[in-house]
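Residue-level listing of the chains:
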Amino acid sequence: MKILVLNAGSSSQKSCLYELNDVLPDRPPQPVWEAKIDWNHREGVAELKVETASGTEQKEEFASDSREAAISRMLETLWQGKTQVINSLKEIDIVGHRVVHGGQDYQQSTLISPDVKEAIARLSVFAPVHNPANLEGIEALEKILENVPQVAVFDTAFHAQLPPAAFVYPGPYEWLENGIRRYGFHGISHQYCARRAAQILNRDLTDLRLISCHLGNGCSLAAIRGGVSVDTTMGFTPLDGLMMGSRSGAIDPGIIIHLLRREDLTSEKLDNILNRNSGLKGISGVSSDMRQIGDAIAQGNERAQLALDIYIHRLRAGIAAMLASLGGLDALIFTAGVGENSPVVRSAACEAFGFMGLKLDGEKNQQSPVDEDIAAVDSAARVLVIHTQEDWEIARECWKLYH
Ligand SMILES: Nc1ncnc2c1ncn2[C@@H]1O[C@H](COP(=O)(O)OP(=O)(O)O)[C@@H](O)[C@H]1O
Ligand SMILES: CC(=O)OP(=O)(O)O
Ligand SMILES: [Mg+2]
């Protein structure tokens, strides 16, 4: 069966094609085709990169500010030109989409219908950076592939079993009745990492207490007991919790009241400040990218150092909160761009828990670990670096719906 996966970000569109048979593999197979469109480089210009399992690569730039047109060009490279891997788009059996916000109604991967699309659109107000892009991807595919079944795989679904004490905000009770509650995000990644952790540790997932640290552009932690998310740092929207690349994470809500009292501040401006101009970028004034923060620190930039210090302080506090929710720990997992690639962040985070016997193997931490245990032999809990595979998790969800 051929499964096309679409992962729409605010300024990018990733996609890949998996070919699976009747037995679901334990480990992610290599996709037969992978593509990424980036709108980051120049306004109105899309940069497309395509790679096939046989090693053929293609790069091109074209004028486009419409996701639909760009996706259409991207999918042509599946059946035309040097990256061709199928004869026609008709060979695609099913399409899986990452959808960030599924609200209270969608707690499992779901076949997309007009009702599901309506819900994704309605929930855009809660995830303005993500849900509209997800919906555009779905609608583009409807036009291009017509009757192929499409599945929404929700980032919120993994957190559907949070206990009420973890998901209800201590505001007025009506908030809860109006859907204002903690949902949690990055669930596709946390779910993959939890299962992969059990494989690496050779343990049963149902016996494990895990803290998964997804540290990418967006950052969130999940406390996972027996494979179930019991606490998480992101909340009603993907703005809550840890300090991120350009998002503030949790701040005193009194700051918002204070700012709103200033006449010139609209909700759009506030959204822009908190979602796009805060976090590492807001504090350092350099970048939202941890690599550039590291470079600036090396050149003696004090604001970049402060940004990293806050990032670590918040990360440690978040891990401590997850520890309390779990009441113990078998393994701490680092994943996504920063988690997988920054030994500095990993060691600084772990150092705070040395008092309870958590100890890294310094050398393993430095050696670009992938799906490895980097804890010292005598550490009280394991520390894993796992390469997250959200696209594979989405493909798996599609496969499971049809078997
Ligand atoms: N070698 C590295 N060292 C430190 N940070 C890195 C490295 N490589 C990537 N990153 C960080 O990972 C972030 C992106 O993470 P990623 O998981 O790809 O993000 P997303 O999927 O949310 O866009 C970058 O902004 C960068 O800060
Ligand atoms: C939900 C979320 O924050 O996603 P990302 O990290 O991809 O922005
Ligand atoms: Mg991500």
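Note on numbering: residues in each chain are counted from 1, in written sequence order. By the order in which they are written, chains take letters starting at A while ligands take numbers starting at 1. Side-chain atom pairs in this predicted model are given and counted only at pLDDT of 80 or more, local residue features only at pLDDT of at least 70, and totals for whole chains, interfaces and linings cover all residues. Calculated side-chain values reflect all of the structure's heavy atoms, with hydrogen atoms and water omitted.

## Notes on the overall build of the protein chain
Right, on to step 1. The helix and strand labels rest on DSSP assignments: H or I over at least four residues marks a helix, E over at least two residues marks a strand, and numbering proceeds from the N terminus. Along the backbone of the protein chain there are 15 helices and 14 strands.
Right, on to step 2. In terms of overall dimensions, the protein chain has a C-alpha envelope of 60 × 60 × 50 Å along the principal axes.
Right, on to step 3. Note on exposure labels: buried denotes an accessible area under 20% of the residue type's maximum, exposed denotes more than 50%, and partly exposed covers the range between, all computed with a 1.4 Å probe on protein chains only. Looking at the protein chain as a whole, 53% of its 403 residues qualify as buried.
Right, on to step 4. Note on contacts: a residue pair is in contact if any heavy atoms of the two residues lie within 4.5 Å. Of all intrachain contacts in the protein chain linking residues separated by at least 6 positions in sequence, the fraction that spans at least 24 positions is 63%.
Right, on to step 5. We count Lys and Arg on the positive side and Asp and Glu on the negative side, and we leave His and both chain ends out. A charged residue contributes its charge at one atom only: NZ of Lys, CZ of Arg, CG of Asp or CD of Glu. Within the protein chain, the 52 negative side-chain charges are centred at a point lying 3 Å from the centre of the 38 positive side-chain charges.

## Considerations on the confidence of the model for the protein chain
Right, on to step 1. The predictor attaches a confidence to each residue, and that confidence, scored 0 to 100, is pLDDT. Across the protein chain, pLDDT averages 96, with 100% of residues at or above 70.
Right, on to step 2. The least confident element of the protein chain, judged by mean pLDDT, is strand β3 (residues 33-42) at 89; the most confident is strand β10 (residues 219-225) at 99.
Right, on to step 3. Across the assembled chains, the prediction reports ipTM 0.97 with pTM 0.96.

## Describing the site of ligand 2
Right, on to step 1. Taken together, Arg98, Val100, His130, Phe185, His186, Gly218, Met234, Pro238 and Arg247 are the residues near ligand 2.
Right, on to step 2. A 3.5 Å cut-off defines polar contacts: any pair of N or O atoms within that distance qualifies, except that in protein one atom must be a possible hydrogen donor and the other a possible acceptor, and neighbouring residues in sequence count only when both atoms are side-chain atoms. Glycine 218 is positioned such that a nitrogen or oxygen atom in its backbone is 3.2 Å from an oxygen atom of ligand 2.
Right, on to step 3. Between ligand 2 and arginine 247, the relevant distance is 2.7 Å, taken from an oxygen atom to a side-chain nitrogen or oxygen of the residue.
Right, on to step 4. A 1.4 Å probe and the Shrake-Rupley method give the accessible areas. Residues count as covered only by the protein chains that appear here. A total of 260 Å² of accessible area belongs to ligand 2 in isolation, and the protein chains cover 85% of it.
Right, on to step 5. Amino acids are sorted into nonpolar (Ala, Val, Leu, Ile, Met, Phe, Trp, Tyr, Cys and Pro), charged (Asp, Glu, Lys and Arg) and polar (every other residue, Gly among them). A per-class count over the shell around ligand 2 returns four nonpolar, three polar and two charged. We call a residue near a given molecule or strand whenever any one of its heavy atoms falls within 4 Å of it.

## Here's the deal with the layout of surface pockets
Right, on to step 1. If you add up the space inside the second largest pocket, you get close to 1000 Å³.
Right, on to step 2. Of all the secondary-structure elements, those providing two or more residues to the lining of the second largest pocket are α7 (253-260) and α8 (267-276).
Right, on to step 3. Per element, the largest residue contribution to the lining of the second largest pocket is six residues, and it comes from α8.
Right, on to step 4. Residue composition of the lining of the second largest pocket, by class: 20 nonpolar, seven polar and four charged. A pocket here means an open set of points on a 1 Å grid, computed over the protein atoms alone, that has protein on both sides within 12 Å along at least five of seven lines. A cavity is instead a set of points where a 1.4 Å probe fits but cannot get out; residues with an atom within 4 Å of a point line either one. Grid points are joined across faces, edges and corners, and a volume is the space filled by probe spheres set on the points.

## A look at empty space enclosed by the protein
Right, on to step 1. If you walk through the whole model with that rule in mind, you get one cavity of 30 Å³ or more.
Right, on to step 2. The calculated volume of the largest cavity comes to roughly 60 Å³.
Right, on to step 3. Around the largest cavity, the lining residues are Gly103, Gln104, Tyr106, Gln107, Thr156, Ala157, His159, Ala160, Arg181 and Tyr183.
Right, on to step 4. Tallied by class, the residues present in the lining of the largest cavity amount to four nonpolar, five polar and one charged.

## Quick look at the site of ligand 1
Right, on to step 1. Taken together, Gly216, Asn217, Gly218, Asp289, Met290, Arg291, Ala336, Gly337, Val338 and Asn341 make up all the residues around ligand 1.
Right, on to step 2. Here an oxygen atom of ligand 1 and a side-chain polar atom of asparagine 217 are 2.8 Å apart.
Right, on to step 3. Contact distances for ligand 1 include 2.9 Å between an oxygen atom and a backbone N or O atom of glycine 337.
Right, on to step 4. For ligand 1, the accessible surface in isolation is 580 Å², of which the surrounding protein chains cover 68%.
Right, on to step 5. Elements with a contribution of two residues or more to the shell around ligand 1: α10 (290-298) and α12 (336-341).
Right, on to step 6. At four residues, α12 tops the list of elements feeding residues into the shell around ligand 1.
Right, on to step 7. For the shell around ligand 1, the class distribution of residues is three nonpolar, five polar and two charged.

## As for unusual backbone geometry
Right, on to step 1. Phi is positive for alanine 336, close to 75 degrees, though the residue is something other than glycine.
Right, on to step 2. Secondary-structure assignment places alanine 336 in helix α12.
Right, on to step 3. Its relative accessible area of 7% is what places alanine 336 among the buried residues.
Right, on to step 4. Notably, serine 368 is not glycine yet its phi reads approximately 40 degrees, a positive angle.
Right, on to step 5. For serine 368, the position within the fold is in the loop between α14 (362-366) and β13 (372-373).
Right, on to step 6. Classification of serine 368 as exposed rests on a relative accessible area of 61%.

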